[in-house]
Amino acid sequence: MKIHWVGGQLPKVGKSWTARALIEGLYLDRGIQVVTIDTSYSSPLSKLYNPGLLATYSPGRYFTSDGFKEYLTDDIYYIAQKYPVLVVKLASYSQQLFFEWIESSGIIQDAIDHEFWFVSNGRSEGLSYFQEICTLPWQIHFVKNNNFKFWHPSLPTAARLTDNIDLRILPATITNPQEIELIETSGQPLIHLAAPQNPYLYLSSRTRISRFLRQSSLNLLDETPASSAPARTPSQPNLNIVE
């Protein structure tokens, strides 16, 4: 059992892109089917990758005051017992309830492997969040959003890493608002959108998405993207395993 947590205090820093890169990279490059739990409002990534999850669970209420009070967040623990790999995207500004739940749920003591991907735009906001993450006995990946150039001196650099903390670079993502809206409303995984035969996006957008997928496999998963194995070709990625 393994949980990849994707978080960061601020919105619009690349948490969704990081989660997408992990979900599709783990599946396409390693053949691992992933359960996606998006705790953002309306859970867009869960709708995209695991719509069957939403028939039973309400991840958009996890790490909210009502969901925490009603123990809905414990669903993460139960799902982790049923499926081998989870990617949990944490909503912005949810860190207080996240840490409270980590302490009260007992999930640290269970036989679950955890990795936390902390996504940052390089500014000091959220530094205390990252420092608290570093107190957990997990593998920590500090993910630097490559679209931003400013880097606060208190944040990690390659010269200040430890055995359980490393620095990763999120490849440049699409920033044009119209393109982002097309991607988000398409209801398609990135690998579908990057396919040459997909008429939904212009060639330039498909090329950027394809480049992002290739580079994120190298930067985040330390792997060269897999050749198109028959079961995982761009035209047939069956990512939904929760029914």
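These numbers come from a predicted model, not from an experiment.

Definitions and cut-offs
Residues numbered from 1 in each chain as written. Predicted model: local features only at pLDDT ≥ 70, side-chain atom pairs only at ≥ 80, totals over all residues. Heavy atoms only, no water. Helix = DSSP H or I, 4+ residues; strand = E, 2+ residues; numbered from the N terminus. Buried < 20%, exposed > 50% of the residue type's maximum accessible area, 1.4 Å probe, protein only. Areas by Shrake-Rupley, 256 points an atom, 1.4 Å probe, with all protein chains shown as cover. pLDDT = per-residue confidence, 0-100. Contact = heavy atoms within 4.5 Å. Salt bridge = Lys/Arg side-chain N within 4 Å of Asp/Glu carboxyl O. Pairing = 2+ DSSP bridges. Axes fitted to C-alpha atoms, helices over the stretch in contact; angles between N-to-C directions.

(A) The arrangement of the overall build of the protein chain in detail. A tally of helices and strands in the protein chain yields nine helices and six strands. The buried share of the protein chain, reckoned over its 243 residues, is 52%. Accessible surface, the protein chain as shown: approximately 11500 Å² in total, 52% of it carbon and sulfur.

(B) Highlighting the confidence of the model for the protein chain. Per-chain confidence: the protein chain averages 83 in pLDDT, with 85% of residues scoring 70 or above. Note that pLDDT drops below 50 for residues 227-239; the model gives that stretch 24 contacts with residues more than four away or on any other chain.

(C) Layout of the pattern of salt bridges. The tally for this structure, following the rule as stated, stands at seven salt bridges. Salt-bridge contacts for Asp38 lead to Lys89; the nearest nitrogen and oxygen are separated by 4.0 Å. Taken together, the positions of Asp38 in strand β2 (residues 35-38) and Lys89 in strand β3 (residues 85-89) put the pair 51 residues apart, joining distant regions of the chain. We classify Lys89 as buried; its relative accessible area is 9%. Where Arg208 meets Glu179, a salt bridge forms, and the shortest distance between an N and an O atom there is 2.5 Å. With Arg208 in helix α9 (residues 203-221) and Glu179 in helix α7 (residues 177-186), this residue pair connects regions lying 29 residues apart in the sequence. Among the residues examined, Glu179 registers a relative accessible area of 13% and is labelled buried. Connected through salt bridges with shared partners, the residues Lys2, Asp113 and Glu115 form a single ionic network.

(D) Just unusual backbone geometry, in detail. Located in the positive-phi region is Lys12, a residue other than glycine, with phi close to 65°. Mapped onto the secondary structure, Lys12 falls in the loop between β1 (2-7) and α1 (15-30). A residue is classified by how much of its surface remains accessible, and Lys12, at 77% relative accessible area, is exposed. With a phi close to 60°, Phe63 is a non-glycine residue in the positive phi region. Following the sequence through the fold, Phe63 ends up in the loop between α2 (44-49) and α3 (65-69). Relative accessible area serves as the criterion here: at 5%, Phe63 is assigned to the buried category.

(E) Spatial organisation of the pairing of β1. With five of six residues buried, β1 lies mostly within the body of the structure. The pairing of β1 with β3 spans five bridges and is classified as parallel. Residue Val6 lies in a different strand from β3, and its bridge partner there is Lys89.

(F) Examining the sheet that holds strand β4 (residues 113-120) more closely. Strand order in the open sheet made by the six strands is β2-β3-β1-β4-β5-β6, with parallel pairing throughout. Pairing within the sheet leaves two strands with one partner each, and these edge strands are β2 and β6 (165-170). Taken pair by pair, the neighbouring strands of this sheet meet at an average axis angle of 20°, ignoring direction. Here β1 pairs with β4 via six bridges, running parallel. Residue pairing across strands places Ile3 opposite His114, the latter belonging to β4. On top of the sheet, helix α4 (residues 75-82) reaches β1, β2 and β3; it is set at about 155° to β3, its chief contact.

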